[in-house]
Amino acid sequence: MAQQARAIRTRRTILESAAAVFAERGYERTTIGEILVRAGVTKGALYFHFASKEDLALGVLDAQMLDEPLTPQDVKVQELVDQGFLLAHRLQRDPLVRASVALALDSGATGIDRAAPFRAWIDQVSEALMVAKAQGEILVHVDVTDTAELFSGAFAGIQTMSQILCDRNDLTHRVLVLLQHVMPTICTPAVLIRLEMTESRARRLAAEYDASRLRHSEENFAESAHS
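(A) Seen up close, the packing of aromatic side chains. Taken as a whole and judged by the stated rule, the model has one aromatic pair. When the centroid spacing of 5.5 Å and the interplanar angle of 50 degrees are considered together, the rings of F22 and Y27 count as tilted. Across the ring face of Y27, the terminal group of K53 is positioned such that the distance to the ring centre comes to 4.5 Å.

(B) The arrangement of the environment of D55 in detail. With respect to the element layout, D55 can be found in helix α4 (residues 53–62). Expressed as a C-alpha distance, the spacing of D55 and V77, which sit 22 residues apart in the sequence, is 33 Å.

(C) Region of interest: helix α7 (residues 116–134). The first and last C-alpha atoms of α7 sit 27 Å apart over 19 residues, in line with the 27 Å expected at 1.5 Å per residue. Buried residues belonging to α7 abut α4, α5 (76–93), α6 (95–104), α8 (144–166) and α9 (171–186). Downstream of α7 by a residue or two, G136 has a phi angle that is positive, lying close to 80 degrees.

(D) Focus on empty space enclosed by the protein. This model, assessed by the stated rule, comprises two cavities of 30 Å³ or more. If you add up the space inside the largest cavity, you get close to 270 Å³. Considering the residues around the largest cavity, the lining is formed by 18 residues, among which L87, W121, S152, F155 and A156 are closest to the centre. Mapped by element, the contributors of at least two residues to the lining of the largest cavity are α5, α6, α7 and α8. A breakdown of the residues in the lining of the largest cavity according to their chemical character gives 13 nonpolar, five polar and no charged.

(E) Representation of the pattern of salt bridges. Tallying each qualifying case throughout the model produces 11 salt bridges. For R38, the salt bridge identified is with E24, shortest N-O distance 2.8 Å. One end of the pair, R38, is in helix α2 (residues 32–39); the other, E24, is in helix α1 (residues 2–25), with 14 residues separating them in the sequence. A relative accessible area of 54% places E24 in the exposed class.

(F) Representation of the side chain of H89. Its location among the elements puts H89 in helix α5. You can call H89 buried: its relative accessible area is 6%. Filtering out sequence-adjacent residues up to four positions away, H89 remains in contact with A206, Y209 and D210.

(G) Region of interest: the environment of V140. Mapped onto the fold, V140 is located in the loop between α7 and α8. Residue V140 is classed as exposed on the basis of its relative accessible area of 75%. Sequence separation between V140 and R168 is 28 residues; the distance between their C-alpha atoms is 35 Å.

(H) How the structure looks around the packing of α5 against α7. Close contact between α5 and α7 brings their axes to 8 Å; oriented N to C, the two are set at 155 degrees. Comparing their axes, α7 and α5 come out roughly antiparallel. Together, K76, V77, L80, Q83 and L87 of α5 and W121, Q124, V125, A128, L129, V131 and A132 of α7 make up the contact between the two elements. For the contact of α5 with α7, the per-class residue count stands at nine nonpolar, two polar and one charged.

Procedures and definitions
- Residues numbered from 1 in each chain as written.
- Predicted model: local features only at pLDDT ≥ 70, side-chain atom pairs only at ≥ 80, totals over all residues.
- Heavy atoms only, no water.
- Phe/Tyr/Trp six-rings, centres within 6.5 Å; stacked < 30°, edge-to-face > 60°.
- Lys NZ or Arg CZ within 6 Å of the ring centre and 35° of its normal.
- Helix = DSSP H or I, 4+ residues; strand = E, 2+ residues; numbered from the N terminus.
- Expected span 1.5 Å × (residues − 1).
- Contact = heavy atoms within 4.5 Å.
- 1 Å grid on protein atoms, 1.4 Å probe; cavity = no way out; pocket = protein on both sides within 12 Å on 5 of 7 lines; lining within 4 Å.
- Points joined across faces, edges and corners; volume = space filled by probe spheres on them.
- Nonpolar A, V, L, I, M, F, W, Y, C, P; charged D, E, K, R; others polar.
- Salt bridge = Lys/Arg side-chain N within 4 Å of Asp/Glu carboxyl O.
- Buried < 20%, exposed > 50% of the residue type's maximum accessible area, 1.4 Å probe, protein only.
- Axes fitted to C-alpha atoms, helices over the stretch in contact; angles between N-to-C directions.
- Parallel < 35°, antiparallel > 145°, perpendicular 65-115°, else oblique.

Purely geometric stuff here, so don't read any function into it on its own.
So, in structure tokens, the structure goes:
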């Protein structure tokens, strides 16, 4: 277990270093050597976790996906609301997630599949909407795929605008506004009145997420210390 904890930390260090260099130099100009210097690891350690620069970039792109499980909700669309709030929080606080989004939007990164994170988000939202529709939470005329693509694209747009205008300091509010406009067009009235779409919920979710990540980090450190 201690060895596994060290491996997790090493992988995270390599990813964060790669993300930082990608952000500074762009994907095409970045070299493995630069990433090694930034990470402070050997070439063998890097290649143990990642087979190539492209594999590293895909690892950075994967960082957008939620790394802590959401608490299941009786109302499935509440989970979509919570996902939006948590992604906003992670974009504000986690350098790796910020770099992941920047890489996905880097038009010069022609050597990697930048569409992958968009497809992953669309698939995740579509899956939640299909469950919600089966539970009678979604209006019958709503097309799940179209809605998932709209929501994912709108989120990408508002986070980019928020980054440019104020380094994402207002992103939680902008996500709330997006939700307040989208949810009434897809949810049944009975479900809509049960949804909690507030900045106070966003703050509570962020605190719970940060506490969970800190707890896991401390557990991994303790395992390594006893090895």
